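Each chain, letter by letter, is given below.
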Amino acid sequence: MKVYFHINLGGFSNCYLVVNEETSEAIIVDPGKITEEIISQIEENHLKLVAVLITHNHGSHVGGLKTLRKIYNPKIFAADWEVAGNDTTVINGDGKTRLAKMLVRYMTLPGHTSDSIVYGIENILFTGDVLSAGEIGSTNSSYSEYILRSNIEQKIYSQLDDVIIMPGHGPPSTLGAIKAFNNDLKSQSGDSQKPLL
């Protein structure tokens, strides 16, 4: 598996092209903007785009979906039906599926938004705006922040420290580095008995 990074300068959001090199099939995570570079990468490498994974329904993460759907016919996975209407494969809860001959794990992590989902492929977690190298996602209430922190602690912090975090904004990191240096969650690292707020 190879992961190619693209940035949407309009919203400074990350888009990822995940490629199964054995089958030449690909998945796009959070197509905030579909650029000529992304299309060229797909076409020049003769890739078959089979799926789009949406971490949450914010414009800087789904803005390029309309363009993408005019060119390709991928399956679209999201927790919000409004992402692509009847063409959305709505997922909720935690589970797994096979896409591009790869095992894709998913887990809902509401808090930043009600439809936030984290996807895992091999040792990589695509976290959207739930978690980044320096902070957790923004929330609109103390209750939403409590839910987000609880979900991160239960569902992400239980992963191995060498898991790679590919966030919706900012640079990639590892879970171990986030546990050590993410100021928003640092006080909880290694001590699940501490209060979440």
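Below is a summary of the structure that appears in this document. (Residues numbered from 1 in each chain as written. Predicted model: local features only at pLDDT ≥ 70, side-chain atom pairs only at ≥ 80, totals over all residues. Heavy atoms only, no water.)

This part is about the nonpolar core. Proteins that are soluble and globular tend to have nonpolar side chains buried together. Of all hydrophobic cores here, the largest spans 21 residues; its most connected members are I28 and L68. Where this core is concerned, the elements lending two or more residues are β2 (13-20), β3 (25-29), α1 (36-44), β4 (48-53), α3 (65-71) and β5 (75-78). Residue contacts for I28: discarding those within four places in its chain leaves C15, Y16, L17, I34, I38, I42, L49, A51, V52, L53 and L68. Among the nonpolar cores identified, the runner-up in size contains 20 residues, and A51, L53, A100 and I117 belong to it. (Core = buried A, V, L, I, M, F, W, Y, C linked by side-chain atoms within 4.5 Å. Buried < 20%, exposed > 50% of the residue type's maximum accessible area, 1.4 Å probe, protein only. Helix = DSSP H or I, 4+ residues; strand = E, 2+ residues; numbered from the N terminus. Contact = heavy atoms within 4.5 Å.)

Moving on to the pairing of β5. Judged from the three bridges that link them, β4 and β5 form a sheet pairing that is parallel. Within β5, the position partnered with A51 by the bridge is K75. Sheet topology note: the β5/strand β6 (residues 88-90) ladder contains three bridges and is parallel. Its bridge partner being in β6, A78 is matched across the sheet by V90. (Pairing = 2+ DSSP bridges.)

Before going further, it helps to examine helix α4 (residues 142-156). One turn of the α-helix equals 3.6 residues, which is why residues spaced by three or four share an orientation. An ideal rise of 1.5 Å per residue puts 21 Å on 15 residues; α4 measures up with 20 Å between its terminal C-alpha atoms. All of the buried residues in α4 are S144, L148, R149, S150, N151, I152, E153, K155 and I156. (Expected span 1.5 Å × (residues − 1).)

Let's shift gears to the sheet that holds β5. Read across the open sheet, the six strands follow the order β1-β2-β3-β4-β5-β6; overall the sheet is mixed. At either margin of the open sheet sits one strand with a lone partner, and together these are β1 (2-8) and β6. The mean angle between the axes of side-by-side strands here comes to 25°, regardless of whether they run parallel or antiparallel. Docked against the sheet, α1 engages β1, β2 and β3, running at close to 160° with respect to β1. (Axes fitted to C-alpha atoms, helices over the stretch in contact; angles between N-to-C directions.)

Attention now goes to unusual backbone geometry. Backbone geometry at A100 places phi at a positive 55°, although glycine is not the residue there. You will see that K101, though not glycine, has its phi angle at about 60°, which is positive. Overall, K101 belongs to the exposed group, its relative accessible area being 54%.

Here G10 lies in the loop between β1 and β2. Separated by 169 residues in sequence, G10 and K179 have C-alpha atoms that sit 30 Å apart.

When you line up the elements, F77 lands in strand β5. When neighbours within four sequence positions are excluded, F77 is seen to be in contact with A51, V52, L53, I54, T89, I91, L99 and Y119.

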